[in-house]
Amino acid sequence: MQLIWLRNDLRLHDQPAFRIAKARQEPLAVVFILPGHWLQTDRQGLDRLGAAKARFLRQSLDDLDAQLQRSGLGLTVLSGDPVALLRRWHRQSAFHLITQAAQAPEEGAWLRALADAGISIETVENQTLFDSEQIAPLLAGWPKSFTAFRHRVESGLEPRVPRAPESLSAAPAEPPFDAAVRWPGGSDTEEGRSQFRGGERAGLERLDDYLWRRRALDHYRDSRNQLIGRDFASQLSPWLAWGCLSVREVWHQIRRYEARYGEDEQRYWLRFELLWREFFHCSMRHYGRLLFRRDGLAARPLPETRFQASYWHAWCQGRTGVPMVDAGLRELTATGYCSNRLRQNLASYLIHQLGLDWRLGARFFERHLIDFDVASNQGNWAYIAGAGQDPRQGRRFDLNWQLRRYDPALMHIRHWLPELADIDIESIIAHQSGRRLLSCYPAPVVSVPEGG
Ligand SMILES: Cc1cc2nc3c(=O)[nH]c(=O)nc-3n(C[C@H](O)[C@H](O)[C@H](O)COP(=O)(O)OP(=O)(O)OC[C@H]3O[C@@H](n4cnc5c(N)ncnc54)[C@H](O)[C@@H]3O)c2cc1C
């Protein structure tokens, strides 16, 4: 028997695991395991599966199950310790395991423990543009910056062209036990406010719509820093993060688009951003656990941080008194998504203004983001904190300047903070910089002085 264990590669297209399984011609089970510790809370009371994230994941699993059912298979969903569950299953009914190569150190530990238990494992690479063997020669001598990485990749490397989905014909194999999933309830999100629906079919639909029907790629570089709207950026990240969409498929569709309509900066820039994602993924493979330490890759220790519970709670609840930050946090917790520009500002405020440990913010994002991707999340947080691979050793954003530049008409703020509907931008800047406080809004827990 053979077992495909899917993690964040929840799709049938560009899915080498199914090709391998088909060639082996043995009974097949397909499983997803919700790791039990995702539901446990840490010292700050954070688990890893907020309501919006859980909903997106469930929709993705349901979609995959429905598609597999058509081939007489179906998806088994279990919950618990993946290593313990797979070892137990293997003892009762031995299998050959086909699964994704590890990205995070935690996954590496799982795969090693399974191999130690005598399970034969075959790995596939489904989250990155390039396979390890493709990229290894280029990365001999790890590049010092994203720019160096990009130059090497762009000097002749292309992701493999995805193959068409396999028609599956394996006989289904059942798990010999039941480990029912306990999903978290959905109180801190509003279904109606999320524009994202989980699943491979919804992801492919969004890609088609964004690229080919709306042709929004034509203005991508100019609009990608906006804060609100449907097409300012691709908004493909949730499907990419769960692997409902193959990043190689996205890349090659952009290439086809460029071939049809011509190459320019606007269209190229989406591939440029996909290379950022690739950079963080390769970085995680290269540095592993180092990226989870407070000082990360910093040449010198980072400034000391002091945990201020009141700052932390104000930030988590979107009640810092700094409207752009609060609006971003309210969007994030309600929908599981917010724009890249807002994420940068939320992170900068937590790290450089509130003086909190960047890893707290990263954990909060992990809980809420429907596009949570360990490499991109850890990489971006570390980068802003100065613990990442950045020649400038950290990024501090001037939130007053950011507001004038990216929300000059206050469209985002007014959408998420209706209590500020009648307030103009100068009054907001006077408020958040501590110059003249508004009576209708909480005072900033830490103000943002003009000029930084
Ligand atoms: C503090 C912080 C935490 C973040 N955490 C995550 C995360 O957990 N998961 C995640 O996918 N992205 C994360 N990002 C990166 C980025 O914000 C999102 O990928 C992007 O906002 C998703 O929206 P989009 O699909 O419209 O992006 P687009 O602008 O359309 O970009 C296309 C794709 O390129 C990739 N991409 C774009 N920018 C980045 C970037 N800076 N880093 C890595 N990949 C990028 C994403 O896969 C994205 O879907 C984080 C950024 C910051 C500043």
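Residues numbered from 1 in each chain as written. Predicted model: local features only at pLDDT ≥ 70, side-chain atom pairs only at ≥ 80, totals over all residues. Heavy atoms only, no water.

Participant: Before we move on, could you go through the environment of Leu-68 and cite the residues and values that matter?
Facilitator: For Leu-68, the position within the fold is in helix α2 (residues 51-69). Sequence separation of Leu-68 and Leu-168 is 100 residues, and the distance between their C-alpha atoms is 8.5 Å. Discounting residues that sit within four places of it in the chain, Leu-68 has contacts with Leu-12, Phe-18, Val-30, Leu-73, Gly-74, Leu-75 and Leu-168. (Helix = DSSP H or I, 4+ residues; strand = E, 2+ residues; numbered from the N terminus. Contact = heavy atoms within 4.5 Å.)

Participant: Any chance you could break down empty space enclosed by the protein for me, citing the residues and the numbers?
Facilitator: Here the structure, examined in full by the defined rule, presents 4 cavities of 30 Å³ or more. Of all elements in the fold, only α11 (265-287) and α16 (374-385) reach the threshold of two or more residues within the lining of the largest cavity. A class-by-class count of the residues in the lining of the largest cavity yields 6 nonpolar, 4 polar and no charged. Both of domain 2 (127-161 + 199-292) and domain 3 (309-432) provide at least three residues apiece to the lining of the largest cavity. Approximately 40 Å³ is the volume attributed to the second largest cavity. Around the second largest cavity, the lining residues are Gln-103, Ala-104, His-281, Met-284, Arg-285, Val-374 and Ala-375. For the lining of the second largest cavity, the element with the most residues is α11, which contributes 3 residues. (1 Å grid on protein atoms, 1.4 Å probe; cavity = no way out; pocket = protein on both sides within 12 Å on 5 of 7 lines; lining within 4 Å. Points joined across faces, edges and corners; volume = space filled by probe spheres on them. Nonpolar A, V, L, I, M, F, W, Y, C, P; charged D, E, K, R; others polar. Domains from an automatic or database assignment.)

Participant: Please give an account of helix α17 (residues 399-406) that cites residues and values.
Facilitator: For α17, every residue scored as buried is listed here: Leu-399, Asn-400, Gln-402, Leu-403 and Tyr-406. Mapping the buried residues of α17 onto a view down its axis gives an arc of 160°, with all of them on the same face. Residues of α17 that are buried in the fold lie against α13 (323-335), α14 (340-353), α18 (411-416) and α19 (425-432). The N-cap residue of α17 is Asp-398: its side-chain oxygen and the backbone nitrogen of Asn-400 are 3.0 Å apart. (Buried < 20%, exposed > 50% of the residue type's maximum accessible area, 1.4 Å probe, protein only. Arc of directions from axis to C-beta. Polar contact = N/O pair within 3.5 Å; in protein donor to acceptor, adjacent residues only side chain to side chain.)

Participant: For the site of the ligand, give the residues involved together with the corresponding values.
Facilitator: Taken together, 27 residues lie near the ligand, and Tyr-220, Ser-234, Gln-235, Asn-340 and Asp-371 sit nearest. In isolation the ligand has 810 Å² of accessible area, and contact with the protein removes 97% of it. Of all the cavities here, the one that holds the ligand is the largest pocket. Looking at the shell around the ligand, the elements with two or more residues in it are α9 (237-241), α11, α14 and α16. Mapping the shell around the ligand onto the domain boundaries places at least three of its residues in each of domain 2 (127-161 + 199-292) and domain 3 (309-432). (Near = heavy atom within 4 Å. Areas by Shrake-Rupley, 256 points an atom, 1.4 Å probe, with all protein chains shown as cover. Sits in = over half its atoms within 2 Å of the grid points.)

Participant: Outline the pairing of strand β4 (residues 96-100), listing residues and values.
Facilitator: Most of β4 sits inside the fold, with 5 of its 5 residues counted as buried. Sheet analysis places β4 next to strand β5 (residues 120-124), joined by 5 bridges and oriented parallel. In the strand pairing of β5, Leu-97 is matched with Ile-121. Between the parallel pair β4 and β5, the chain is carried across by helix α4 (residues 105-116), and the sense of this crossover is right-handed. (Pairing = 2+ DSSP bridges. Right-handed = clockwise from strand over helix to strand, strands pointing away.)

Participant: Outline the pattern of salt bridges, supporting the account with residue identities and numerical values.
Facilitator: Pairing between side chains of opposite charge can happen when the charged atoms of each approach one another. Tallied over the entire structure, the rule returns 34 salt bridges. The partner of Arg-248 in a salt bridge is Asp-131, with the nearest N and O atoms 3.7 Å apart. Highlighted residues: Arg-248 in helix α10 (residues 247-261) and Asp-131 in the loop between β5 and α5 (132-135), separated in sequence by 117 residues. Arg-213 serves as the salt-bridge partner of Asp-208, at 2.8 Å between the closest nitrogen and oxygen. Taking relative accessible area as the criterion, Asp-208 reaches 30% and is therefore assigned partly exposed. Looking at Arg-213, the relative accessible area reads 47%, which means it is partly exposed. (Salt bridge = Lys/Arg side-chain N within 4 Å of Asp/Glu carboxyl O.)

Participant: Outline the domain arrangement of the chain, supporting the account with residue identities and numerical values.
Facilitator: For the chain, the assigned domains read domain 1 (1-126), domain 2 (127-161 + 199-292) and domain 3 (309-432). Spacing between the C-alpha centres of domain 1 and domain 3 amounts to 33 Å. With 11 residues of domain 1 in contact, the opposing surface of domain 3 contributes 13 residues. Buried area between domain 1 and domain 3, both sides added, is near 1,100 Å², and the carbon and sulfur share of it is 56%. If you sort the residues of domain 1 by the area they bury against domain 3, Gln-44, Leu-46 and Lys-53 come out on top, with a joint share of 43%. Summed over the shared surface of domain 1 and domain 3, the number is 3 salt bridges. In this structure, Glu-366 engages Arg-48 in a salt bridge whose closest nitrogen and oxygen atoms are separated by 3.3 Å. For the pair domain 1 and domain 3, the interface holds 6 residue pairs in polar contact (both at pLDDT 80 or more). Looking at the side of domain 1 that touches domain 3, its residues break down into 5 nonpolar, 2 polar and 4 charged. (Buried area = accessible area lost by both parts, 1.4 Å probe.)

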